[in-house]
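Observations on the model geometry
Residue-level listing of the chains:
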Amino acid sequence: MDFNVSSIKTSSDGIWQGENPLHYAFPLLIIQTTLVVFLSRSLTFLLKPLQQPKVVAEILAGIMLGPSAFGRSEVFTRWIFPTWSTPILESVASIGLLFFLFLVGLELDLKTIRKSGKKAAGIAFAGISLPFVFGIGVAFLLRKVIKGVDRVGYGEFFIFIGVSLSITAFPVLARILAELRLLTTPVGEVAMAAAAFNDVAAWILLALAVALAGGGKAHHSPLISLWVLLSGIGFVVFMFIIVRPIMNWMARKASCGHHIVEETYICLTLAGVMLFGFMTDLIGIHAIFGAFIFGLTIPKSGDFGGRLILRIEDFVSGLLLPLYFASSGIKTDITKIHSLGSWGLVVLVVSTACVGKVLGTFIVGMSYSIPVREALTLGILMNTKGLVELIVLNIGKEKKVLDDETFAILVVMALFTTFITTPAVMAIHKPSIHQLQLEKTPKIKENNLRILACIRGPRDARSLITLIESLRSNKNTNSSITKLYVMQLVEFSDRLSSIVMVQRARKNGFPFIGRVLRRDDTTDQVTTAFEAYSQLGRVKVRPTMAISALPNLHEDIIHVAEKKRAEIIILPFHKHWQMEGEEEMEIHAGHGWRTVNEKVMRQAPCSVAVLVDRGLEVNEIMNSMRVCIVFFGGADCRKAIEFGSRMVEHPAVRVTLVRFIQNFGSNFDEVERTLDDTTIADFKIRWDKQTVYDEKEASDELVEQVLAIGKSGEFELIIVGKGMFPQYIMAKLFENPSTDQHSELGPMANILASSGKEIKSSVLMIQQQAFGCENTKDVNSKVASQC
């Protein structure tokens with residue numbers, strides 16, 4: 001069916017009126033969007049085992065919908081992607097691209113780039129200059145071989161080819177590093193800093209190319225290009241001198257807490273994205289430059305930028321951006337690469353891009369004394385392409401600098417270089433023999449207590465400071481110093497906003513919390529809390545950060561515990577409670593965090609503690625704190641006594657040890673019983689005058705006895721071992737219906753952590769080092785089955 005574009009209507013009257021909705025703009029756009037999102041998400045799922053970034057699936061989805069695959073069917077093209085719908089699809093996709101580039105500018109902190117150091121700048125320069133020079137040679141060859149390319153001016157064609165070969169996709173690189181667990185390593189830190197330099201340089205070069213291109217008009221003159229460049233420079237100066245102070249003022253006003261004011265300023269900012277995009281389009285530079293520069297002017301401190309990201313990010317990156325890949329795929333016709341010579345050009349372009357990027361980065365990396373494997377890995381990482389590459393190619397095609405065949409060749413190059421990044425890095429970047437030996441070396445026993453404590457936010461920080469403070473002795477001996485490694489756990493996702501968390505890493509591979517995410521009030525609170533606490537002097541605080549997807553987060557925790565020789569890992573429970581009036585409200589962090597805890601407990605090379613927080617906070621610098629150690633017997637309970645014993649030396653902590661004993665028939669190992677008795681005897685001899693000791697008989701009402709301790713309100717904290725209690729006690733605990741609710745805590749801590757039991761005390765569950773041993777949960781299950 002033929003259409004007159006001027007007569008296209010927005011919506012139909014429906015099939016009952018005899019109209020086909022696919023012949024109208026809006027219903028067809030709905031179908032196109034649904035198809036694009038479904039196909040790209042399906043490919044993302046299929047490519048996930050290969051650890052490919054989402055952008056690879058989105059590029060493939062776009063190509064499949066174009067004339068290279070599904071688009072070869074005339075029926076499919078006529079019904080789903082007719083020619084008259086292309087401007088509509090591209091307009092909607094361009095809106096998504098406009099706001100995506102605004103988000104990229106919002107995330108990119110120029111101060112961080114300036115502070116990244118000479119190493120990152122040198123690597124970025126080499127990673128741009130060498131492939132750019134190689135690209136000029138490739139451009140000469142393409143002009144000789146491909147018909148019609150020689151009609152384009154030398155300058156703009158060389159620049160477009162050079163930029164397409166030398167660019168590094170900053171957002172895609174961050175996600176690849178996260179998948180490969182390299183974000184907080186020296187290689188990841190240098191790669192991210194160099195990619196940020198590369199990004200800024202690429203946009204400057206692209207602006208130059210656009211100014212020179214002039215839309216392929218025959219009457220385009222160098223004088224017009226000069227005016228476009230000067231206007232672009234004037235626009236950037238105007239944005240940073242005039243607009244930036246206005247945005248700083250708006251950010252401060254929007255943060256005052258008044259909901260109406262906040263909404264007004266956010267709406268004005270989003271309208272500004274469209275306005276400044278129009279201004280750069282009016283100048284003759286693509287509209288995305290206006291949105292990108294406007295994003296750079298938004299203040300990075302405070303939470304105004306974070307609120308903007310939360311409002312638009314998912315809608316833009318999840319729904320609108322895939323449309324841009326679809327519109328790019330429709331323009332990509334792989335069949336244009338039809339001859340053997342054309343495929344030879346593909347091999348040449350891919351080889352030139354890889355050799356130029358890898359070689360340049362490798363040579364400079366070696367000059368900075370980076371090990372060979374790491375320098376080679378860095379070169380491969382810097383060769384990552386992605387969305388930014390497609391933007392460059394699409395602008396080149398739009399300005400008629402790139403013809404169909406050249407466009408297809410460069411799209412294949414971008415797809416191939418991004419696809420091989422992950423497998424190539426996995427093959428090359430392996431732990432050195434020295435590192436493996438270090439990780440297998442037994443931990444050195446020291447007088448200092450080394451703790452790795454994990455937190456998710458301010459609430460975890462407050463309760464953790466209280467717990468660590470209770471371990472601080474007031475004795476003036478070096479042996480009583482506690483060394484605390486605080487690891488903030490950050491879930492890395494496909495969200496663009498995750499990228500900002502990896503831009504400011506310390507050079508030792510473990511970023512300081514205080515230097516990572518200054519725009520977020522939550523992180524500011526965490527930073528302030530630990531900076532203030534570290535001034536006490538008896539605890540050495542070393543903040544670190546783990547940024548990974550939840551299924552892999554436990555590996556970061558275990559790695560740091562091994563490297564720092566931690567004696568115990570403290571994890572936050574996946575739930576906490578707070579009072580709302582007279583009612584106790586349960587707040588759930590998610591089952592993914594529970595899985596993280598379970599994996600750490602199974603694989604940790606040291607003891608593990610889980611803190612169930614019911615309001616354990618600092619009260620006037622530890623004015624008073626009452627702790628109860630509940631002892632049943634077994635290795636975990638003995639570890640609980642060892643941990644709790646360190647609290648006795650604190651002048652503001654009052655420790656009570658309650659031991660539940662069984663005075664009749666027990667099959668509990670006599671060796672274990674002897675160890676228990678020895679541990680209790682040593683505790684009483686050493687701390688008899690400073691603690692309270694109480695023995696209780698483990699009766700049939702054992703669960704009620706323990707619950708009574710938690711309900712009494714006499715203790716702010718109850719410390720209990722995880723499991724392997726005597727058989728009789730295990731039998732009584734497994735009779736409780738809530739025993740399996742939180743099995744990772746063990747039966748006793750599970751009871752104390754259950755909701756609806758009016759428990760007032762926080763609970764610290766401790767598991768003795770279980771690495772290489774049989775799972776405690778399985779052992780407990782066997783004991784229960786025997787009972």
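Structure's up top.
The structure contained in this document is the topic of the report that follows. The structure displayed is predicted, hence computed values, not measured ones.

What counts as what
Residues numbered from 1 in each chain as written. Predicted model: local features only at pLDDT ≥ 70, side-chain atom pairs only at ≥ 80, totals over all residues. Heavy atoms only, no water. Helix = DSSP H or I, 4+ residues; strand = E, 2+ residues; numbered from the N terminus. Contact = heavy atoms within 4.5 Å. Expected span 1.5 Å × (residues − 1). Buried < 20%, exposed > 50% of the residue type's maximum accessible area, 1.4 Å probe, protein only. Pairing = 2+ DSSP bridges. Right-handed = clockwise from strand over helix to strand, strands pointing away. Phe/Tyr/Trp six-rings, centres within 6.5 Å; stacked < 30°, edge-to-face > 60°. Lys NZ or Arg CZ within 6 Å of the ring centre and 35° of its normal. Core = buried A, V, L, I, M, F, W, Y, C linked by side-chain atoms within 4.5 Å. Domains from an automatic or database assignment. Salt bridge = Lys/Arg side-chain N within 4 Å of Asp/Glu carboxyl O.

Considering the environment of Val 36
Take Val 36: it is sitting in helix 1 (residues 25–47). On a C-alpha basis, the gap between Val 36 and Glu 58 in space is 8.6 Å, while along the polypeptide they are 22 residues apart. Those residues in contact with Val 36 that lie beyond four places of it in its chain are Leu 65, Phe 81, Pro 322, Leu 323 and Ala 326.

Considering helix 14 (residues 340–367)
Here helix 14 is 28 residues long and its end C-alpha atoms lie 40 Å apart, about the 40 Å a rise of 1.5 Å per residue gives. Following helix 14 by one or two positions, Ser 369 has its phi on the positive side, about 65°.

Considerations on unusual backbone geometry
In this structure, Ser 369 is a non-glycine residue whose phi angle is positive, near 65°. Position of Ser 369 among the secondary structure elements: in the loop between helix 14 and helix 15 (372–382). Here Ser 369 falls in the exposed class, since its relative accessible area comes to 65%.

Focus on the pairing of strand 8 (residues 625–631)
Among the seven residues in strand 8, six count as buried, and that is most of the element. Strand direction decides the pairing type here: strand 8 and strand 9 (residues 653–661), joined by seven bridges, are parallel. Paired with Val 630 across the bridge in strand 9 is Val 658. In the classification by handedness, the crossover that spans strand 8, the intervening helix 23 (residues 635–645) and the parallel strand 9 is right-handed.

A closer look at the side chain of Thr 691
With respect to the secondary-structure elements, Thr 691 resides in strand 10 (residues 691–697). In contact with Thr 691, other than residues within four places in its own chain, are Val 648, Val 655 and Phe 683.

What to know about the packing of aromatic side chains
Summed over the entire model, instances satisfying the criterion amount to eight aromatic pairs. An aromatic cluster of at least three residues, connected via ring pairs, comprises Phe 102, Phe 235, Phe 276 and Phe 294. We note Lys 397 situated over the ring of Phe 407; from NZ or CZ to the ring centre the distance is 5.4 Å. The ring of Trp 593 has Arg 456 sitting right over it, with the charged end atom 5.5 Å from the ring centre.

Examining the nonpolar core
Core analysis: the largest hydrophobic core is formed by 140 residues, its most contacted members being Phe 102, Phe 157, Trp 203, Phe 294, Phe 304 and Ile 391. Top contributing element to this core by residue count: helix 9 (residues 186–213), with 14 residues. No fewer than three residues from each of domain 1 (116–317 + 336–428) and domain 2 (447–577 + 587–613) sit in this core. Membership of the second largest hydrophobic core comes to 84 residues, among which are Leu 464, Val 560, Val 596 and Val 630.

Comments concerning the pattern of salt bridges
For the coordinates displayed, the defined rule picks out nine salt bridges. With a closest N to O distance of 3.6 Å, Lys 331 and Glu 90 form a salt bridge. One end of the pair, Lys 331, is in helix 13 (residues 304–331); the other, Glu 90, is in helix 4 (residues 86–107), with 241 residues separating them in the sequence. Salt-bridge contacts for Arg 686 lead to Glu 649; the nearest nitrogen and oxygen are separated by 4.0 Å.

Side note on the pairing of strand 7 (residues 607–612)
Remark: a regular strand shows side chains that alternate across the two faces of the sheet. The element strand 7 is extensively covered by neighbouring structure, given that six of its six residues are classed as buried. Here strand 7 shows a buried face lined by Ser 607, Ala 609 and Leu 611 and a second buried face lined by Val 608, Val 610 and Val 612. Both strand 4 (residues 568–572) and strand 7 contribute to a ladder of five bridges, which runs parallel. Across the sheet, residue Leu 571 finds its bridge partner in strand 7, namely Val 610. When strand 7 meets strand 12 (residues 762–767), the two strands line up antiparallel, connected through five bridges. The partner of Val 610 across the bridge, within strand 12, is Met 765.

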